[in-house]
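Structural overview
Take a look at the letters that make up each chain.
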Amino acid sequence: MREVRRIPPHAVDRPALRKQLDTGTSAPLSLIVAPAGAGKSVLLSQWAQARPDIAVAWFDITSADDEPLAFAVRLVSGIRAVAPGFRAPATPVEASERRLGEAFLEDLAGGLADAGTVVLVFDDLDRISGTPLLADLWRLVDLLPENAHAVFSSRVDLQLGWSRHRLEHGLIEIRQRELAFDDATTARVIERIAGKRVTERAVAAVTARTEGWAVGVQLTALTLRFSTDPERTVDTFADTDRLVVDYLSEEVLDALEPERRDALIRLAVLDEICAGLAEAVAGVDGAAFIAGLERDSMFLVAVPERPGWYRFHRLFRDLLRYRLRAADSHAEPRLLEAAADWFLGEGDAQDAVEYLIRARRWERVMAHVLASGREVFEEVRATALAQWLDRVPVEIRATDPDVELLRAIAAGMSGRGMVAVDTIRALLAGDTLSIGQRQVALAFLAACVQFRPYPEAFLHAAQEAVALLAEHPDAEPPDLLGLTARPLLTYLAQGSMGRAHLFLGDFDQARAAFAATATSSAFAYSPFRVHLLGSIALTDALTGRLTAAASRADEALGMARESGLLAHPAPADAYLARALVAIQRGEPDVGAISLAEGELRASANQRTQLMWVAHLVSLLADPAADRVEKSVEPAGPPPPLIRRALAALAMRRARLEGTPGVPSGAPPGPWSPIAFEEVAALLTLGQPAAARARLGQLRFEPDALHPLASIEFEILLGWLSALENRRPRARDHLENALAIAGPEGIIDPFMRSGPVVADLIEELVGPRTEFSRLVVARTRSGVVVRSRRLIDDLTPRELELLAFLPSRLTIADIAVRCFVSTNTVKTHLGHIYRKLGVSGRDAAIERAVELGLIDAKEIARVG
């Protein structure tokens, strides 16, 4: 299947320009820049039809394509239609940032690698000039595999910095001077459209007056078709000072039959036209009318992605709309509403709502949006819904609290947490909400705990929601997105309560809230279940219950895969839990892919508090000073859990660098990462008495639910006892620490303690078990020592994948184990091979062994 435009009957072949485009396919990009009506699209259509050996996916860009989620769907479906071997990305787009995002683009490029020769044509790119989406398409060009090529076509120069492509790839550029018609081409076009020949003098006059502009020549030919004296018409045209398009368009329109002209003018309100829609809006025989326009070269362009659909040339449509508005200023809304009704009849609510918005039929817009169901949440389409409601005037939205509630919910889902919180709080401050509406407002306000700082405020909202739901069991909440039934609201409020406790660092209360949430019938709803399992896994990972954390995280990601939700934001917590488990086990490189996937999904809808968790995990994976200095923090303040962990990380770095801070006047309190570092600093300074005094101030009780804290406490007691020359007691405490850590494989607290603890374990405990030997080795080294010749070039994700190569797992096996798409694995393997200077897996293994990147005897850790 090939998706290209049909060539207009009057088009003339341009073999020299087609040859230039042929040459361009050896590079990533070709560029066509020329004004409207210069023949860009016709040339590309002719070239595509002359190349049956390539798959051409054609994308007519419109202003609506600035919405990244919708464009991503369109992009993937367009490529799939022409290249069956293409593997669609499983990576979410960064919709909240109004862009596709690096991860999605890498996944997309990886999916093209096995799709055969593919050309992506992006026509009318000037319509999204200056947007993040255009920057993403520019980035995609750099990521394309050798079998893929892009063509950028635009009315204006997009100022994307073509110089690099000119130097590196010999960029093919076709501009107005190459597209301009010469006299011979002008003569052929006139003869085809007008059905008559004119003199060479007349041809030269037309070429000179239009400057070879394709649409100007076409309009002239249409005028000559209706003229009884072509020479006189050309002379009159050449003598006038009026703009070419104004003069010739009026001549063409005025020569049409009134019924046909009126139908054209009515159809100008439509972005795209098909036979049925033409009948509904203009009252004509749609198929016959469109066929006649094509036959007579009336500036009708086929839409390549939609067989049977057409659009008017932009200049011609502008003229028609001007005529419509001048003749009847009230006609356009009526015609737009007729188009909306036709789309509704066809089951296309999205296009229907767009036309209703343009018609300013606000009541109907709100009614259709309120009828939306769960698919908006499941398919990550909340951004479009929120944008629709944003376009409804504020004073009209304010008349219906359900509409404002839905707008807030959609804003939160699409990453605009501040809008969601402010809108809901304004509604709650008023007196217009019913009890059911207040239940919805409080539950979804509580759900903003992952989006906005200060979790204690959202904890209060969650508690209020749970209380109000219990107090008024008969209240009827409005049905919004199919997500506001009482069980779902209770589930949402209790789950949000758990996440608020988690961000506050109250792990026991977080577990209790999550446990209560998991008993709800709403736990069966896949997106909610995936999210909650991930949050439970994250809580377990933070407290050292690594076996349970890994099990919960894998259960969540397995369900996400089965439900088609791996690209949804819901699995973010589970991915981060997997990364944290790897770090706690002293294998941060094993969690690199999970960390990247978690970061991506947390940022996809700007859950800033979860983004802070991802930020912390990334620093724990690589706590080196230069990594900390280069890291970019999420927006806003971190939650208390992260703030304390970051403070402890800074204290640890200072201690291991030989400049520990001396804690003074610290108040009594519970055990925490900061408390561990305070005591460790005193021990490093050789102050055992002060260290024991500080330990005495800290509230600590051994708890099976908090093995990490128990390990930390036993390590410090062993270290302290050794400084006090109580060697047997020191050995007992260190053995206790190892005994607690061994079943879970926890190594990180020993590494955080530093080499002195490794020395004590080796001296007092000895190499009694494989685990104790592993603890000593990793604690002494801190990180695995590898060659630096390439290590700076390979990303953590690439290093993790590199470790899988000796295992002989297939690409599909690796993707399954890492819960990512095969596209992602292939893309990163391609990067690895390029950086190692090899062409395949065996050569990559040999080269990695030479560089010390993997052990010659090591089989990849795939736990």
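Report on the accompanying structure. Sequence order sets the numbering: in each chain, residues are counted from 1 along the sequence as written. Selection of residues for local features in this predicted model requires a pLDDT of at least 70, selection of side-chain atom pairs for listing and counting requires 80 or more, and totals for whole chains, interfaces and linings are taken over all residues. Here the side-chain values reflect all heavy atoms present in the structure, with hydrogen atoms and water set aside.

Description of the overall build of the chain
- Segments assigned H or I by DSSP are reported as helices when at least four residues long, segments assigned E as strands when at least two residues long, and all are numbered from the N terminus. When helices and strands are tallied, the chain shows 47 helices and nine strands.
- Considered along the principal axes of its C-alpha atoms, the chain spans approximately 115 × 70 × 40 Å.
- We call a residue buried when its accessible area falls under 20% of the maximum for its residue type, exposed when it is over 50%, and partly exposed in between, using a 1.4 Å probe and counting protein chains only. The buried share among the 863 residues of the chain stands at 58%.
- Contact criterion: two residues are considered in contact whenever any of their non-hydrogen atoms come within 4.5 Å of each other. A sequence separation of at least 24 residues applies to 71% of the contacts in the chain between residues at least 6 apart.
- We get accessible surface area from the Shrake-Rupley algorithm with a probe of 1.4 Å; when it comes to residues, only the shown protein chains can shield them. In the form shown here, the chain has an accessible surface area of approximately 34600 Å², with 53% of it arising from carbon and sulfur atoms.
- His is not counted here, nor are the chain ends, while Lys and Arg score as positive and Asp and Glu score as negative. For the purpose of locating charges, the reference atoms are NZ of Lys, CZ of Arg, CG of Asp and CD of Glu. Positive and negative side-chain charges of the chain, numbering 97 and 115 respectively, have mean locations separated by a distance of 3 Å.

What to know about the packing of helix 25 (residues 435-446) against helix 26 (residues 455-471)
- Lines fitted to C-alpha atoms define the axes, with helix axes restricted to the stretch in contact, and inter-axis angles between N-to-C directions lie between 0 and 180 degrees. Between helix 25 and helix 26, the least distance of the axes is 8 Å, while the angle of their chain directions is 150°. Where helix 25 crosses over helix 26, the two elements pack in a sense that is left-handed. Across the interface between the two elements, Ile435, Arg438, Gln439, Leu442, Ala443, Leu445 and Ala446 of helix 25 pack against Phe458, Ala461, Ala462, Glu464, Ala465, Leu468 and Leu469 of helix 26.
- Here the contact of helix 25 with helix 26 is built from residues that sort into 11 nonpolar, one polar and two charged. Crossing handedness: left-handed means the near helix sits turned counterclockwise from the far one by under a right angle, and right-handed means the same turn made clockwise. Lys, Arg, Asp and Glu make up the charged group, whereas Ala, Val, Leu, Ile, Met, Phe, Trp, Tyr, Cys and Pro make up the nonpolar group; the residues left over, Gly among them, are polar.

Regarding the pattern of salt bridges
- A pair is scored as a salt bridge if a Lys or Arg side-chain nitrogen falls within 4 Å of a carboxyl oxygen belonging to Asp or Glu. Within the structure shown, the criterion is met by 50 salt bridges.
- Arginine 311 is the salt-bridge partner of aspartate 60, the closest N and O atoms lying 3.9 Å from each other. Here arginine 311 lies in strand 7 (residues 310-312) and aspartate 60 lies in strand 2 (residues 55-60), a separation of 251 residues in the sequence. Each member of the pair, aspartate 60 together with arginine 311, is buried.
- Salt-bridge contacts for aspartate 573 lead to arginine 607; the nearest nitrogen and oxygen are separated by 3.9 Å. Of this pair, aspartate 573 sits in helix 31 (residues 572-584) while arginine 607 sits in the loop between helix 32 (592-604) and helix 33 (608-621), placing them 34 residues apart in sequence. Here the two residues aspartate 573 and arginine 607 agree in accessibility, since each one is buried.
- Because the salt bridges share partners, they merge into one network encompassing Asp390, Arg397, Glu404, Arg407 and Arg416.

Honestly, that's just the spatial picture; any functional story needs more than this.
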